[in-house]
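Chain residues, written in single-letter form:
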Amino acid sequence: MTVASVPRAPLTAGATPKSDDKLSKMKEIISDTNNNDISMNDDKSVSDKDLDQYINHYNEWKQSKAGKWSQELVERILGTKFDAEIKWKNVAMIGGLHFITAALFFVYVWDSTIITWVWGFIVGGCAGFGVTGGAHRLWTHRAYKAKLPLRIILMCCYCMAGQNSLYDWVRDHRIHHKYSETDADPHNSNRGFFFAHVGWLMLRKHPECIKKGRLIDMSDVLADPVIQFHEKHFVALKLLFTFVIPSMIPWYFFNEDFVLSFLANCLLRNALTLNFTWLVNSAAHIYGNRPYDKRIQPVENKAVSIVALGEGWHNYHHVFPWDYKAAELGNYSTNLTTFWLDLFAKIGWAYDMKEPSKDLVRRVIHKYGDGTHITTPIAQLKEVPEPDATKSQ
Ligand SMILES: [Zn+2]
Ligand SMILES: [Zn+2]
């Protein structure tokens, strides 16, 4: 769909008067971490006028001299056509992180002590759990409920991942599920692996994304005091948990060289954590099989599941997004998030864990799967023979 054809849609009534108060209060403290420049958050606070202004800006840039030059440059370097404005600040930050990490990796990081490596592994695991168990399965999909101590742990872990604010993460992911593989999908995999992986963070969002974002109900997220605290102190929390604590611990307690500690934990570990998350949007939408629904793009990808703590069983997840396991099969080794959630469920901090019945999953596999499910040959057999009409007569 071209930008010019994006129709204007009226704002939905959505929120109740009480949550309206909360929304307007939150609007003051939610920063535009997606760097959209014209001061808009793609949620219900975006008016029709804001949207028109955004679309005009989006179109004008494409026709401008700088726009045409940027498009040519990207096409020449990556061989891919991108027709949206580049967010140079994000390119510099993300590109810089990866360039410096790669350049220094072989020079310095190998000199780190084993303690620093183990610590980096722990921080990476915590960050991953904050993203998968918190932002994803709890706050986006409400696949289970969590008591306050667990929500605080998840929020702190999430802050170690160095990603956008929780509010932005949840909204983007809810749009992704509702409008997968369309212009409204923030990381639409039809725009190529690079775009789905990281390119989407470097480009201005498609207007459809802003428009459909207004239809997403975020009142449940805004009502959580833990999210409110996170939004209010987002930058400070990100700096503290992504950079300060991870680099200070090995230096202060284990006599690690501070520069090495910083390089290993703030650059290498951070870059790996980010890429493991991004693989769910790219590889797990492109490389794999579709045993649960062959009509959709997401796939099952074991490698992604291992590095992303169980989030690579993505064909299943898009069919049953409310399953707290985000997978049907596999064990804890390919779904570490489920291991931790089951553990927290044992002490009562996680509860109301949702999952579909085995029968429902089996029927879905049989009806929509691509025939690659491990049980498919059995599932396709008629377990109960059809009654013989002639005999019964
Ligand atoms: Zn997806
Ligand atoms: Zn999801």
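- As annotated in an unreviewed UniProt entry, the chain carries the name Fatty acid desaturase domain-containing protein and comes from Aedes albopictus.
- Per UniProt, the chain carries the Sequence similarities (unreviewed entry) text "Belongs to the fatty acid desaturase type 1 family."

## Notes on the overall build of the chain
Here's step 1: Broken down by element type, the chain carries 19 helices and two strands.
Here's step 2: For the chain, the residues scored as buried account for 43% of the 393 residues in total.
Here's step 3: Here the contacts in the chain between residues at least 6 apart in sequence split such that 70% fall between residues at least 24 apart.

## Let's talk about unusual backbone geometry
Here's step 1: Here the phi dihedral of Glu181 falls at roughly 60 degrees; this positive angle occurs in a residue that is not glycine.
Here's step 2: Its location among the elements puts Glu181 in the loop between α7 (166–178) and α8 (193–202).
Here's step 3: Judged by C-beta crowding, with 17 C-beta atoms within 10 Å, Glu181 ranks as partly exposed.
Here's step 4: Phi at Asp352 is positive, roughly 55 degrees, even though this residue is not glycine.
Here's step 5: Checked against the element boundaries, Asp352 lands in the loop between β2 (350–351) and α17 (358–368).

## Here we look at the nonpolar core
Here's step 1: With 55 residues, the main nonpolar core has Leu154, Cys157, Tyr158, Met160, Leu166 and Val170 as its most contacted residues.
Here's step 2: A per-element tally of this core places helix α5 (residues 114–140) first, with nine residues.
Here's step 3: By size, the runner-up hydrophobic cluster in this structure holds nine residues, among which are Trp313, Ala326, Ala327 and Val361.

## Focus on α8
Here's step 1: α8 sits mainly inside the fold: eight of its 10 residues count as buried.
Here's step 2: Taken together, the buried positions of α8 are Phe195, Ala196, His197, Val198, Gly199, Trp200, Leu201 and Met202.
Here's step 3: Buried residues along α8 sit against α4 (88–105) and α13 (258–281).

## Some remarks on the UniProt feature "transmembrane region" (unreviewed entry) in the chain
Here's step 1: The positions UniProt marks with the feature "transmembrane region" (unreviewed entry) are residues 91–110, 116–139 and 235–253.
Here's step 2: Strand forms 0% of residues 235–253 and helix 100%; the C-alpha atoms that close the span are 26 Å apart.

## Thoughts on the packing of α5 against α13
Here's step 1: The geometry of α5 relative to α13 is characterised by a closest axis approach of 10 Å and an angle of 35 degrees between their N-to-C directions. In this structure, α5 meets α13 at a crossing whose hand is right-handed. Two secondary-structure elements touch here, α5 through Thr116, Trp119, Gly120, Val123, Gly124, Ala127, Gly128 and Val131 and α13 through Leu260, Ser261, Ala264, Asn265, Arg269, Leu272, Thr273, Phe276 and Thr277.
Here's step 2: A class-by-class count of the residues in the contact of α5 with α13 yields eight nonpolar, eight polar and one charged.

## Quick word on helix α12 (residues 234–254)
Here's step 1: Look at α12: 29 Å from first C-alpha to last across 21 residues, which is about the 30 Å you get at 1.5 Å a residue.
Here's step 2: Residue Val244 marks the point of greatest curvature in α12, where the axis turns by about 40 degrees; the proline Pro246 follows within four residues.
Here's step 3: Buried residues of α12: Phe234, Leu237, Lys238, Phe241, Thr242, Pro246, Ser247 and Pro250, and no others.
Here's step 4: The secondary structure elements touched by the buried residues of α12 are α5, α6 (148–159), α11 (225–232) and α13.
Here's step 5: The first or second residue beyond α12 is Asn255, which carries a positive phi of 55 degrees.

What counts, and where the lines are drawn
- Residues numbered from 1 in each chain as written.
- Chains lettered and ligands numbered in written order.
- Predicted model: local features only at pLDDT ≥ 70, side-chain atom pairs only at ≥ 80, totals over all residues.
- UniProt positions renumbered as here; feature names shortened; annotations may be inferred.
- Helix = DSSP H or I, 4+ residues; strand = E, 2+ residues; numbered from the N terminus.
- Buried ≥ 20, exposed ≤ 12 C-beta atoms within 10 Å, placed from the backbone.
- Contact = placed C-beta atoms within 7 Å.
- Core = buried A, V, L, I, M, F, W, Y, C linked by C-beta atoms within 7 Å.
- Axes fitted to C-alpha atoms, helices over the stretch in contact; angles between N-to-C directions.
- Left-handed = near helix turned anticlockwise from the far one by under 90°.
- Nonpolar A, V, L, I, M, F, W, Y, C, P; charged D, E, K, R; others polar.
- Expected span 1.5 Å × (residues − 1).
- Bend = angle between axes of the 7 residues up to and from the residue.

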